[in-house]
Every structure is written in C-alpha cells, then in structure tokens.
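# An overview of the molecular structure
Here is how the chains run, residue by residue.
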Amino acid sequence: MSRHIVITGGTGFIGQALCHRLQNQGHRLTVFSRRNEEEVERLCGRVRVINRLSAIPGLGPINAVINLAGEGIAEKRWTRKRKQALWDSRVALTEELVSHLKRCPEAPEVLISGSAVGYYGDQGDATVTESTAPTDEFTHRMCNAWEQAALALEGSSRVCLSRTGLVVGRGGGFLQQMLPLFRMGLGGRLGKGTQYMPWIHRQDMVEALVHLLENPELTGPVNMTAPNPVTNAEFTRVLGNVLNRPAMLPAPSPALKLALGEMARLLLTGQKAIPEKLLNTGYEFHYPQLEAALKEAIQS
C-alpha cells in the first residue's frame with residue numbers, strides 16, 4: 001500500500017538510501033531540506049521538497065514521518081557553541097517538527113525519530129539492550145532530550161526511537177574519515193582499544209527503518225546496531241586486514257584528549273549494544289558480521 005511519508009535529513013548518508021528504498025516500494029515522499037529543490041531531487045529522487053517545517057500541516061494526509069535530521073556529532077571539536085548547534089539540530093528541530101505535526105488535521109500513524117546509542121553513555125564491556133540504564137553525560141542528556149521531544153507525539157501516533165550505532169557503508173559515514181590513514185598503513189586502535197564500537201551496515205540501517213515502519217508492535221527505543229559489536233581494537237584489526245594494510249599505530253588517549261577535548265569520549269568510550277527488539281521481531285541482518293560489511297563498504 002502506497003503511503004505518504006515525510007522525511008527530515010533525507011539528503012544525508014542514511015536518508016538518501018532510505019528515500020530510494022521507499023520510492024522503490026511505491027511510497028510518496030516529502031523531504032524537508034534547506035538545500036534547493038534540484039539538489040534534493042538529484043540526491044533523493046523524485047520527491048516533494050519543503051524548506052519550512054511549518055509547511056507540514058498543509059501537505060494533506062501524512063501516513064508516517066521519519067526524522068533523521070542532525071548535524072554530524074564528530075565533525076568538530078565540542079566547544080560550547082558546537083554543543084549548542086548539535087542540540088538545536090536534534091532537540092530543537094524535533095520539538096518544532098512535533099509542534100507542526102500536532103497541527104495536522106490527522107496525526108501520522110507513526111513517527112520514527114532519530115536517536116543514538118550515545119543515549120546509554122559509557123557502558124564499558126556490559127551488554128547493552130534497550131532496557132539498560134544510561135550513564136549521565138552529554139551524549140545521554142542530548143539523546144534523552146531528543147527522544148523526549150519525539151515522545152510528545154505519543155498518544156496520537158506510534159513513536160519509535162532509532163538508537164543508531166556507527167553506520168558503515170560505501171561513499172560516506174564515519175568510515176570515509178578513517179580510510180585515508182588506514183590505506184596508507186597509518187591506522188590503529190584508539191587509546192587501549194577495549195571500548196566497544198556498536199556498528200551497523202547502511203543497508204541494514206535502511207531495512208531496519210522499513211522494519212520499524214511496517215511493524216506496529218514496535219514502539220519506543222530500538223537499538224539500530226548489528227548483532228555482533230566489536231571492540232575498537234578488533235574493528236581496526238579487521239579493517240586493516242580487509243585493506244591488506246597494517247593497523248599498528250595506536251592513537252594514545254592523552255593525545256586524543258588534548259586534541260579533541262570532551263569529544264574524545266566519543267572515541268575512547270562505547271557501548272556493547274545489542275539489537276534485542278529487532279531480533280525479537282524477526283529482523284534478519286544482511287551484514288551481521290563486520291568483515292563482510294567492511295568489504296562491501298570499501299568496494300570502489
């Protein structure tokens with residue numbers, strides 16, 4: 001059945017692939033973006049483009065909303081100004097989105113809203129499911145506020161919270177920042193390398209979002225991670241093997257803290273996150289193991 005789906009963040013690394021996947025299913029898409037219409041259509045296909053969230057109540061019936069907007073969390077050092085920009089692009093935007101959805105003549109059936117495994121904060125080597133209690137730090141506070149903004153639509157719509165890990169895929173994402181050094185044989189673990197990296201391949205990320213869309217029993221937080229998280233040391237070892245390059249040059253923790261400040265916690269801590277809800281509702285991963293995911297992602 002064709003649905004009208006509104007997407008924020010549709011021009012991003014995940015959003016582009018999701019737009020094409022949903023169009024192949026026959027859905028009608030409206031993409032919120034501040035880019036011009038021609039550029040959005042080049043990236044996302046034949047979609048309707050809006051550049052104001054206030055246009056949402058005038059779009060006619062909306063079946064679903066997928067909220068993927070948010071500035072890249074690891075792109076710049078976390079100054080006070082940068083942290084506010086990260087907060088605004090997630091929390092404030094979601095608050096505005098929900099306020100306009102409440103003005104629609106009829107609420108959407110479902111809102112799938114972005115979040116991240118950073119919700120849990122540093123969890124060491126403990127297994128993390130959707131019911132794990134968080135550690136209080138900046139990423140938790142931001143993700144919690146982000147989720148609460150989306151949950152304000154509960155009661156009118158089914159709300160799913162997509163707690164996303166590190167997305168591996170071709171042509172974008174965090175992996176593209178790592179590849180140049182690793183291809184030169186200059187890559188290595190970060191700090192001790194014992195911190196977990198909850199990852200997911202972009203294809204599984206997109207298919208899992210479709211799974212959330214199509215399964216009404218899914219509500220609340222859902223870990224969007226592959227079922228086999230690895231430590232940073234294992235991730236760098238596998239990446240080096242896939243590239244046939246050594247990965248022997250570690251970045252010491254003190255150097256990362258000096259260079260990156262508070263943002264170094266993103267690299268030096270982690271979560272052994274398991275996608276319990278996805279697995280319990282029958283989702284089957286295309287890339288459950290890291291090596292196959294990396295091989296696909298680095299193909300030219």
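Residues numbered from 1 in each chain as written. Predicted model: local features only at pLDDT ≥ 70, side-chain atom pairs only at ≥ 80, totals over all residues. Heavy atoms only, no water.

Moving on, we come to the UniProt feature "domain: NAD-dependent epimerase/dehydratase" (unreviewed entry) in the protein. The UniProt record marks residues 5–218 with the feature "domain: NAD-dependent epimerase/dehydratase" (unreviewed entry), using the residue numbering of this structure. Helix makes up 36% of residues 5–218 and strand makes up 19%, while its end C-alpha atoms are separated by 18 Å. (UniProt positions renumbered as here; feature names shortened; annotations may be inferred. Helix = DSSP H or I, 4+ residues; strand = E, 2+ residues; numbered from the N terminus.)

This part takes up the environment of F182. Tracing the backbone shows F182 in helix α5 (residues 175–183). Assessed through its relative accessible area of 5%, F182 is described here as buried. With 62 residues separating them in the primary sequence, F182 and N244 have C-alpha atoms 9.5 Å apart. Leave out the neighbours within four places in its chain, and F182 touches G187, G188, T236, L239, G240, L243, R245 and A247. (Buried < 20%, exposed > 50% of the residue type's maximum accessible area, 1.4 Å probe, protein only. Contact = heavy atoms within 4.5 Å.)

Moving on, we come to the nonpolar core. As a rule of thumb, nonpolar side chains are buried together in soluble globular proteins. If you look at the biggest cluster of nonpolar residues, it comprises 33 residues, and the most contacted ones within it are L22, L212 and M224. Put simply, the parts of the chain that give this core at least two residues each are β1 (4–8), α1 (13–24), β2 (28–32), α2 (37–44), β4 (64–67), β5 (110–116), α6 (202–214) and β11 (220–224). Among the elements that make up this core, the one with the highest residue count is α6 (seven residues). Ignoring any residue separated from it by four or fewer positions in sequence, one finds L22 in contact with I5, I7, H27, L29, I66, V210 and L213. By size, the runner-up hydrophobic cluster in this structure holds 21 residues, among which are F182, W199, V238 and Y287. (Core = buried A, V, L, I, M, F, W, Y, C linked by side-chain atoms within 4.5 Å.)

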